[in-house]
Amino acid sequence: MALMKKHTAPVVDELPEFAALEEAYEYYKANDGEFDKQSYAIEQMAEFDGGGKMLVRLLVDNPFIYKDMAVNIASQLSKMDRKRAPIESVMELLKVRNAYIRNLGITTLQSYGDAIKYYIVKFLIGNDRDLRIFAINVLGDVNFPESREMLVELLENEHDVNVAMTAVDYMAEIGEPQDIPLLESIKGRFDDPYVAFAVDNAIRAIRG
């Protein structure tokens, strides 16, 4: 009599439902290295209030997270409704030393379109020099149609040399011939050989 092979159905883990953001986060941590389970936790975190900020923290606090998971997190952030998206927190990704994470931050910000303008303007007109430089970098990297006009407006009144030079660097890329008199005036505003050198380089780039 032939022996009959018994076929055992594969065991499929049932994914849990979460009642709170913290539960989804703990599930993510508990399943380190298990891509499918962590991906599920990321999707669930995005549904809770405050979940977007927590997803950003996963990238900020773990700058060497493996790329597939980082892309997964950025994808969830990009899909969030602009009214819920933690735009100001996403901007923090541009401060991360890991260039791959910074680029994911730029891509995510681009997905929000005009919704990021408020945050850029908020930083540009603020009193914090570092935040103004940060906003200029975001403006240059995201580069929507108003980027040039916003940089011109900032340069008309900027009196911090570091902020001004950051803007001048981007003007070399997106400035137009009519901006040259403004750039020339900056050399008079700051009596510094480096300023003159940077401005002259920007003007040469604009003239082509």
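Since we're looking at a predicted model, the values are computed, not measured.

A.B. asks: Describe in detail the packing of aromatic side chains, supporting the description with residues and values.
C.D. replies: Taken as a whole and judged by the stated rule, the model has five aromatic pairs. Note on Phe18 and Tyr40: the rings are 5.9 Å apart at their centroids and 40 degrees apart in plane angle, and the pair reads as tilted. With Phe18 in the segment before helix 1 (21–30) and Tyr40 in helix 2 (residues 35–45), this residue pair connects regions lying 22 residues apart in the sequence. Residue Phe18 is classed as buried on the basis of its relative accessible area of 14%. Put simply, the rings of Phe18, Tyr27 and Tyr40 touch in pairs and so form one group of aromatic residues. Between the NZ or CZ atom of Lys67 and the centre of the ring of Tyr100, over which it lies, the distance is 4.7 Å. Here the guanidinium or amino end of Lys95 rests over the ring plane of Phe134, the centre of that ring lying 4.9 Å away.

A.B. asks: Tell me about helix 11 (residues 180–189), and please be specific about residues and values.
C.D. replies: Every buried residue of helix 11 is listed here: Ile180, Leu182, Leu183 and Ile186. Here the buried residues of helix 11 occupy an arc of 165 degrees about the axis, which is enough to place them on one side. Summarising the geometry of helix 11, the exposed residues directed more than 90 degrees from the buried face are Pro181 and Gly188. Its buried side turned inward, helix 11 meets helix 9 (147–157), helix 10 (161–174) and helix 12 (193–207).

A.B. asks: Explain the packing of helix 7 (residues 117–124) against helix 8 (residues 129–142) to me, and be specific about the residues and the numbers.
C.D. replies: Across the interface, helix 7 lies against helix 8 with an axial gap of 8 Å and an inter-helix angle of 145 degrees. The two elements helix 7 and helix 8 meet at a crossing, and its hand is left-handed. Residue-level inspection shows Ile120, Phe123 and Leu124 of helix 7 in contact with helix 8, the latter providing Leu131, Arg132, Phe134, Ala135, Ile136, Val138 and Leu139. Residues that form the contact of helix 7 with helix 8 fall into these classes: nine nonpolar, no polar and one charged.

A.B. asks: Just give me the short version of the layout of surface pockets, but keep the residues and values in it.
C.D. replies: Quantified by volume, the largest pocket comes out at close to 200 Å³. What lines the largest pocket is simply Val121, Leu124, Ile125, Met150, Glu153, Leu154, Asn157 and Glu158. For the lining of the largest pocket, the elements supplying multiple residues, two or more each, are helix 7 and helix 9. The dominant element in the lining of the largest pocket, judged by the number of residues it contributes, is helix 9, at four residues. Counted by class, the lining of the largest pocket contains five nonpolar, one polar and two charged residues.

The rules we used
Residues numbered from 1 in each chain as written. Predicted model: local features only at pLDDT ≥ 70, side-chain atom pairs only at ≥ 80, totals over all residues. Heavy atoms only, no water. Phe/Tyr/Trp six-rings, centres within 6.5 Å; stacked < 30°, edge-to-face > 60°. Helix = DSSP H or I, 4+ residues; strand = E, 2+ residues; numbered from the N terminus. Buried < 20%, exposed > 50% of the residue type's maximum accessible area, 1.4 Å probe, protein only. Lys NZ or Arg CZ within 6 Å of the ring centre and 35° of its normal. Arc of directions from axis to C-beta. Contact = heavy atoms within 4.5 Å. Axes fitted to C-alpha atoms, helices over the stretch in contact; angles between N-to-C directions. Left-handed = near helix turned anticlockwise from the far one by under 90°. Nonpolar A, V, L, I, M, F, W, Y, C, P; charged D, E, K, R; others polar. 1 Å grid on protein atoms, 1.4 Å probe; cavity = no way out; pocket = protein on both sides within 12 Å on 5 of 7 lines; lining within 4 Å. Points joined across faces, edges and corners; volume = space filled by probe spheres on them.

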